[in-house]
Amino acid sequence: MLQSPAAWLVIAAVLTSPLAGQNFPEEKTDSLTLTYLGAAGWEITDGTTTILIDPYLSRINGPPPPGGGSGHAVAGDTRPVYKWTDIARPDIAAIDAHIRRADFVLVTHTHYDHILDVPHIALKTRASVIGTESTENVMRAYSVPEEQLITVRGGEDYQFQGFSLKVIPSIHSPLDHKHYFSSATAPPGMKAPLTLEQMHPEGGTLAYLIRFPNHQILAFGGNNYIEREISGLEPDVVLMGAGASRKDIYDYTGRLMRDLHYPALVFPTHWDNFLAPYEASQQPALDALQSFLKEIAVASPKTRVIVPKYFEPIPLGK
Ligand SMILES: [Zn+2]
Ligand SMILES: [Zn+2]
């Protein structure tokens, strides 16, 4: 039955009233803020939901990755030195000073510079931890409740309140001049506290495409990707591995920029020396980053690159 013109007027009035937008939560989400936490760690928030990626604030004086990676001990560091067989406790004061809330923690892989702080953060914030079986087994060792664990393998595309998340199969940085390889996975049944060795079986590597209404962020936890898995994605923001091992990859920056259709904004990630405390100079890492900036300028001249400072919120705008 056709409705009378009067009924249509009433409907039109409801749709155009200033209150009508309140029925659509995504309309509130017009701005995102990104904050760099160091290493491969980020906080992303729309004011309602807070997502952390590989949050690692302890920055312990631990063993360097094979071949150096982006971590090496700095002169004059008087903090305790940790070996692989040591139990390293997270720096609770550093975490609590900067991480006040989280709804989701996305973990790219189970290496200590990505996962050491996640059990404490998960227990403190009750955030859901999204990661591989290896990652979730580390959470289980620290008694993070099962309902907080969302185990993925890559290929999932999940809808959450206010954003969607595509989990992308990826590969680890080619450390040690391409000699790094690990098929190790953290087994079930471990009991906390874990040694650094137990916190460091890679368990496979993932990347994440996080889609908010006005921005799509592609987040990597290191310097590598599987081209067919990212080709055709159109993020406007990329957290892109910018460590030295990218130079072992064929046309790393050129292929990524082309495959992603020249994203508007790139933030280099995992470029700093994560074995140095926050207050140490990162000048050598910043100097090394210059070649990355040049690569982007050549491969994608219109892309803006922002080199983040620790804990300085960066609003993305609309
Ligand atoms: Zn790693
Ligand atoms: Zn790492």
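Worth saying up front: this structure is predicted, and the values here are computed from it rather than measured. (Residues numbered from 1 in each chain as written. Chains lettered and ligands numbered in written order. Predicted model: local features only at pLDDT ≥ 70, side-chain atom pairs only at ≥ 80, totals over all residues.)

Student: Honestly, the sheet that holds strand β8 (residues 163–170) in this entry has me stumped. Any pointers?
Tutor: Remark on secondary structure: sheet strands pair via backbone hydrogen bonds, oriented parallel or antiparallel. In space, the seven strands of this open sheet follow the order β7-β8-β9-β10-β11-β12-β13, with mixed pairing throughout. In this open sheet, the two edge strands, each paired with only one partner strand, are β7 (157–160) and β13 (304–305). Pairing geometry for β8 and strand β9 (residues 205–211), over seven bridges, is antiparallel. Pairing of I168 across the sheet is with A207, part of β9. (Pairing = 2+ DSSP bridges. Helix = DSSP H or I, 4+ residues; strand = E, 2+ residues; numbered from the N terminus.)

Student: Help me understand helix α4 (residues 118–125), please; the structure alone is not making it clear to me.
Tutor: For an α-helix, 3.6 residues make a turn, and residues three or four places apart therefore share a direction. Within α4, burial applies to V118, P119, H120, I121 and A122. Buried residues in α4 make contact with β3 (50–53), α2 (92–98), β4 (104–106), α3 (112–115), β5 (128–131) and α5 (133–141). Just downstream of α4, R126 is the residue with a positive phi angle, here 65 degrees. (Buried ≥ 20, exposed ≤ 12 C-beta atoms within 10 Å, placed from the backbone. Contact = placed C-beta atoms within 7 Å.)

Student: I would appreciate a short explanation of α5 in the present structure.
Tutor: In terms of burial, α5 is a largely internal element, eight of the nine residues being buried. By the burial criterion, the buried members of α5 are S134, T135, E136, N137, V138, M139, R140 and A141. Where α5 is buried, its residues meet α3, α4, β5 and β6 (149–151). Directly after α5, the chain includes S143, whose backbone phi takes a positive value near 60 degrees.

Student: Sorry if this is basic, but what is going on with the pairing of strand β1 (residues 32–38) here?
Tutor: Remember that side chains alternate between the two faces of the sheet whenever the strand is regular. For β1, the tally of buried residues reaches five of seven residues, placing the bulk of the element in the interior. Pairing of β1 with strand β14 (residues 314–317) involves three bridges; the strand directions are antiparallel. By the bridge assignment for β14, L34 is matched with I314. Here β1 pairs with strand β2 (residues 41–45) via five bridges, running antiparallel. Pairing of T33 across the sheet is with T45, part of β2.

Student: Help me understand the environment of K247 in this model?
Tutor: Looking at the secondary structure, you find K247 in the loop between β11 (237–241) and α8 (252–259). By C-beta crowding, K247 is classed as partly exposed, having 14 other C-beta atoms within 10 Å.

Student: Looking at this model, I keep getting lost on the packing of α8 against helix α9 (residues 283–299). Mind explaining?
Tutor: How two helices pack is summed up by the angle between their axes together with the distance between the axes. At their nearest, the axes of α8 and α9 sit 9 Å apart, and the two run at 45 degrees to each other. Compared by their axis directions, α8 and α9 come out oblique. Crossing of α8 over α9 shows right-handed handedness. Residues T253, G254 and M257 of α8 form the contact with α9, whose own contacting residues are E295, I296 and A299. Its residues assigned to classes, the contact of α8 with α9 shows three nonpolar, two polar and one charged. (Axes fitted to C-alpha atoms, helices over the stretch in contact; angles between N-to-C directions. Parallel < 35°, antiparallel > 145°, perpendicular 65-115°, else oblique. Left-handed = near helix turned anticlockwise from the far one by under 90°. Nonpolar A, V, L, I, M, F, W, Y, C, P; charged D, E, K, R; others polar.)

Student: Is there a simple way to think about the sheet that holds β6 in this case?
Tutor: A sheet is described by the order of its strands in space; here seven strands give the open sequence β6-β5-β4-β3-β2-β1-β14, paired in mixed fashion. The open sheet terminates on both sides in strands that have one partner only, identified here as β6 and β14. Neighbour-to-neighbour, the strand axes of the sheet open up by a mean angle of 20 degrees, direction not taken into account. In the packing of α4 onto the sheet, the strands contacted are β3, β4 and β5, and the crossing angle to β4 comes to about 165 degrees. Against the sheet, α5 makes contact with β5 and β6, and its axis sits at roughly 145 degrees relative to β5, the strand it touches most.

Student: Quick question: what am I supposed to make of the nonpolar core here?
Tutor: Generally speaking, a soluble globular protein has its nonpolar side chains buried in company with each other. Core analysis: the largest hydrophobic core is formed by 71 residues, its most contacted members being V105 and A219. Sequence-distant contacts of A219, that is, excluding residues within four places in its chain, are made with W42, I53, L106, A207, Y208, I210 and L239. (Core = buried A, V, L, I, M, F, W, Y, C linked by C-beta atoms within 7 Å.)

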